[in-house]
Each structure stands twice: as structure tokens, then as C-alpha cells.
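Coordinate analysis (summary)
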Amino acid sequence: MKKIFEKHGVVNCVGALMDVLAFILFVVAAFVNGATPDMILKVIGLVLFVVAGMMMSISSKEHSLAKSIFVLVLAGVIASWMFPGGQFQGADFAEGKFTRIGLADFGFMFYYSVYFLLDKIPFLVVLTGFYGVLSRISGYQKLVEKSAEKFGKHPIVTAVIMSVILFVLTSLFSQTFVVLVFIPFFISILIKMGMDKLTSFVITFGSVLVGILGCTYGTDSLTIFNKYMGQETTYAINYRYIIAAVSIVLYNFFIVMRVRKISNDMKKNAKANNVLDDPFKVEKLSGKEKTSLVPAIIVLAITVIIVVLGYINWNGYFKIEIFDKFHEWLIGLEAGEDFTIFSYILGNNANALGSFKYTFSISMLLIIASVVIAFLYKMKTNEYIESFYEGTKNMFKPMLLLLAAGMLFGIANLCLAPLSICNWLINLTKGFNPYLTSVVAFITSLFQTDLGYVAYTCGSFFTQAFSGNVEIIHTIFTSMYGLVQVFMPTSAILIVGLSMMKIEYKDWVKYIWLFALGMLVILLVLFTVVTYI
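**Notes on helix α11 (residues 205-213)**
Because each turn of an α-helix spans 3.6 residues, side chains separated by three or four positions end up pointing in the same direction. Burial within α11 is extensive, with 9 of its 9 residues counted as buried. Along α11, the positions that sit buried rather than exposed are Phe-205, Gly-206, Ser-207, Val-208, Leu-209, Val-210, Gly-211, Ile-212 and Leu-213.

**Focus: the packing of aromatic side chains**
Per the counting criterion, the structure on display carries 37 aromatic pairs. Centroid distance Phe-461 to Phe-462: 5.3 Å. Interplanar angle 85°. Geometry classified as edge-to-face. We classify Phe-462 as buried; its relative accessible area is 1%. Taking NZ or CZ as reference, Arg-100 lies 4.2 Å from the ring centre of Phe-98, over its face.

**Brief notes about the pairing of strand β2 (residues 92-95)**
Across 4 bridges, the pairing between strand β1 (residues 86-89) and β2 is antiparallel. Note that in β2 the partner of Gln-89 across the bridge is Asp-92. Counting the residues in the hairpin turn of β1 and β2 gives 2 residues, including Gly-90, whose phi is positive at 65°.

**A word on the nonpolar core**
Within the largest apolar cluster, 173 residues are counted, with the highest numbers of intra-cluster contacts made by Phe-205 and Trp-508. Discounting residues that sit within four places of it in the chain, Trp-508 has contacts with Phe-201, Val-202, Gly-206, Leu-209, Tyr-251, Val-486, Phe-487, Leu-494 and Leu-498.

**Details of the state of the cysteines**
All chains considered together, the criterion is met by 0 disulfides. Sulfur of Cys-422: no disulfide; nearest cysteine sulfur belongs to Cys-458 and is 6.6 Å away. For Cys-422, a relative accessible area of 0% puts it in the buried group.

**Quick look at a nonpolar patch on the surface**
There is a patch of nonpolar side chains on the surface, built from Tyr-435, Trp-513, Leu-514, Leu-517, Val-521, Val-525, Val-529, Tyr-532 and Ile-533 and spanning about 910 Å² of accessible area. By residue number, the principal contributor to the nonpolar patch is helix α27 (residues 505-532), which donates 7 residues. Structurally, Leu-514 can be placed in helix α27.

Parameters and conventions
- Residues numbered from 1 in each chain as written.
- Predicted model: local features only at pLDDT ≥ 70, side-chain atom pairs only at ≥ 80, totals over all residues.
- Heavy atoms only, no water.
- Buried < 20%, exposed > 50% of the residue type's maximum accessible area, 1.4 Å probe, protein only.
- Helix = DSSP H or I, 4+ residues; strand = E, 2+ residues; numbered from the N terminus.
- Phe/Tyr/Trp six-rings, centres within 6.5 Å; stacked < 30°, edge-to-face > 60°.
- Lys NZ or Arg CZ within 6 Å of the ring centre and 35° of its normal.
- Pairing = 2+ DSSP bridges.
- Core = buried A, V, L, I, M, F, W, Y, C linked by side-chain atoms within 4.5 Å.
- Contact = heavy atoms within 4.5 Å.
- Disulfide = S-S within 2.5 Å.
- Patch = residues over 30% accessible without salt bridge, like charges linked within 9 Å, V, L, I, M, F, W, Y side chains within 5 Å.
- Areas by Shrake-Rupley, 256 points an atom, 1.4 Å probe, with all protein chains shown as cover.
- Salt bridge = Lys/Arg side-chain N within 4 Å of Asp/Glu carboxyl O.

Here is the structure:
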């Protein structure tokens, strides 16, 4: 036994034993009479399988993220064999038949995954291509270098400011993925300052993830969630304000501790200029090269302004109508009789600033900005194409992992087995129970991978069955979804960040587990106080 533990490791051996126990429980459940004992054995078995698989995946030396995603997808397939499907209809649950997922169904799961990510993947390709071009522009190189020199004198302040900016933008933007526009620039600066990859990830991608947890008005998921829940944007906003304030303060406490920990190594790292830690490899300018910052700053500033004004719903959130009126005036301008020239130039799908909902609009903007800045710095066409292509290579692995994680969405839609588990949990007690509801919110957020689809599958049930507790139910689902996004391997932003920066999932888990646990405790206290006091 000792030799086995030494050869395979204690964690792997314990995980294997838990998997064996899980399958024993599955077998026993098949011969047990009674719905409740049967469900208890199956649910415990499935939990054991997931926990064991995640333990072994996280402890592995390489590809911990891909292995963790595989564990959850396999758990979803097993659930389709263990539990029947079903749907929430009004305040009731209609149990369906078993829809066991077989080999031929994996193609459909992949289709659902592609469908779910249809607008995200082109945007990510364009974004990485955009920064691939910028990394070859001398003006951008100089901008990064000068920023790193200036901000390097105050690393803690810089880290906190960057974190707060990304948190606030995530909390307000109508499309979460658009926040990624700012991250490569921030990462290049942080790496130049001498910060390691994990710290740079924590400050940038981590702040976006916490911004989803503390979302107030924004995120595309919250918008769709409110639609299916039949609520306005400001519904339960006071609870979300509390969660946002607590999460950003607590998270930045961890950031400050992290930056202080690595402060002694920063000067050495900055001198080493380890470009390989930067996904976009922004080289240091040679001392002989003279270049102007002005064109790069102007183009990037205009891009940032359009992004910020475009993806914050000024009219819907704050009743500011100036951008809608300006858009109506602009597209109504005529260059001749009935020839509205700007409406034709902008296109039929052009929206007013503040009304951008999808990533398609920003993708075109980034392409135009990259062409303009390449022209201003006299980049040759062949060099532009090559640098754009080189940049997109950073997105190959993230796209594969995103598609793999998206298969959980396919499982949830093909078999609907997770909803049977949720229905069983809800009926364990009479009346509304915030703790069981939190577990249901966690499960549905994990499998549906999108808060809007969570509301689509079970939102109407909760609003009708527990009509007196809708406000706290709303808060539970939005916050538990955010918690899933922070540390579970099905989180799209997490997948993109870890894989693009070549950071192991286990390293992120080791860093974030205490924050996630602390936020879970705080959330459960909030749910308890609102429900029972």
C-alpha cells in the first residue's frame, strides 16, 4: 500500500477509491426500492465522482484545466444515465423520460457548444489579432514601456486601480467579453513592471471574474436573466450593491497581499524583461529607435471611448438619452433626396452608443483600429497580415477548451437530467429554503454555463412557487452564478485567461480558494438574514 501511495500520490489514490465508492453507490441504487433512497445514493455517488475527479485533475502537473473540464463533462454524461429528464412548468415539475447520452450524441453536444459560443469565438480571434498587430507597432511598444516605468514605482496602487477599473467595467458593461479588450494592454504593463504571470492574471482576469460575482447593472447574462425572470434591471439592486462592495474590497485585499509578497522579485524580473510571460510578447524598443506615442494614443483612446460609451446602457440604467438622440440624428442625415448616407455607411445593424449588445460591433471596430494604426506607423501589408495571424495563434487552445466546456451546455439541453436533481433538492423541505436554492443555483449555473439560460430553465418556477421570496431568489442566482464563474473550470473568462497565459488551473485554485470560501460564507449569511430575520 505504501508503494502504491508513493508511486501514484496520496491524492490520486484517495480519488480513485472515491470513484470506486461512487460506482458502488450507483450499482446499489439500481436495486434499492423507493424514490428517496435511490436519489440519495445517486446524488452522493455523483458528488463523490466529481470531487474525486477534480482532486486528481487539480493535483496533476500538467493540463489540469482540460482534465477538470473532462471530469465535469463525464459527470454530466453519467447524470444522463442516472436521472430522468424533466422540465419546470409554472410552479410544477414535469418529469420526463431518460435521455441517456451515447457516442452519437457527442456530435450534437459539440453543435450546442458551437452555437453557444458563436459570437464569442470570432471576437476572441479578432482581439488577439488586434494585439498581435499592436505588439509590432513601435508607438505601442513605447507606450507600454513608458507606462511600466511610471507605474512600476507604485505597484500596489497600480494593481488596485487596474483591478477596480476592470471590476467596474464588468459590473456595468452589457457584454462581459468586451472587457477583455483592455486586459492584454494591462498584462503587458504588469509583466514589464516585473510581475509574474499569476499575479498579472489575478489583477486582470481575476478582477473580471469577481466583477461578474459583483455585477450591478451589467453583464449580458444578467440582462437575459432579468428578461426571463420578468424583472427590471434595478430589481434587487441594493443586495447586489452590497455583494459588489464586499467582493471588490475583499479581493483587493488579496491582491495587495500578493503584490507585497512578490515585491522583492519585481525589480529583478523587470531587468530580465521576460517577454515570454507576456502572451503578446511586446518587445523592448532598442535605444536607437525614435518613434512618436501620439498616433498610438489617439487611436487607442478613440477605441476605448467607443467601447465604454457603446457597452454601458446609458438610457436603460441612468435614463441618459443623448446618445440615442444623436444616433437618430446621424442616421437621418441626407446627402441628397432620401439618401441617408450615414445609415448606409454604418449599416442596418448599427446601434446607438449605449445600445451595443453583442461582440460583433466591437470586432469590426478593432479591425478598423488595427488597420489605421498600422497605416500611421507605416507597417507593410505583409507584415500586418503576418502579425495579425501570429496574434490569433494565442487563441487556438482557449477556443478548444471553450468548446469542450460548452459541451456541458449541450448535455443540459439534451437530457435535462440536472433539473431532476434540482427538483428533488427543492422538495426536500416545505417552503422556500435559501440554502437548497443556493445549491440549485450552483448546479444550474455549472451546467447551463450562462445565467440567462438558467432563468430560462427554472426562473418562472421560482417566481411562481416562491412568489414572496423573489428578491432574494434573484440575488441567490446572480451571486451563485458569479461564484461559479470565479473558480469552476467551465467559466469562459477563466478558461480564456488561464490558457492564454499558460497558467495551470491548480495554481489559480490554490490562490482563489480562500476568497471563494469567504465569499460563500458572506453570501450565505446575507441569504439567511434576508430570509429569516
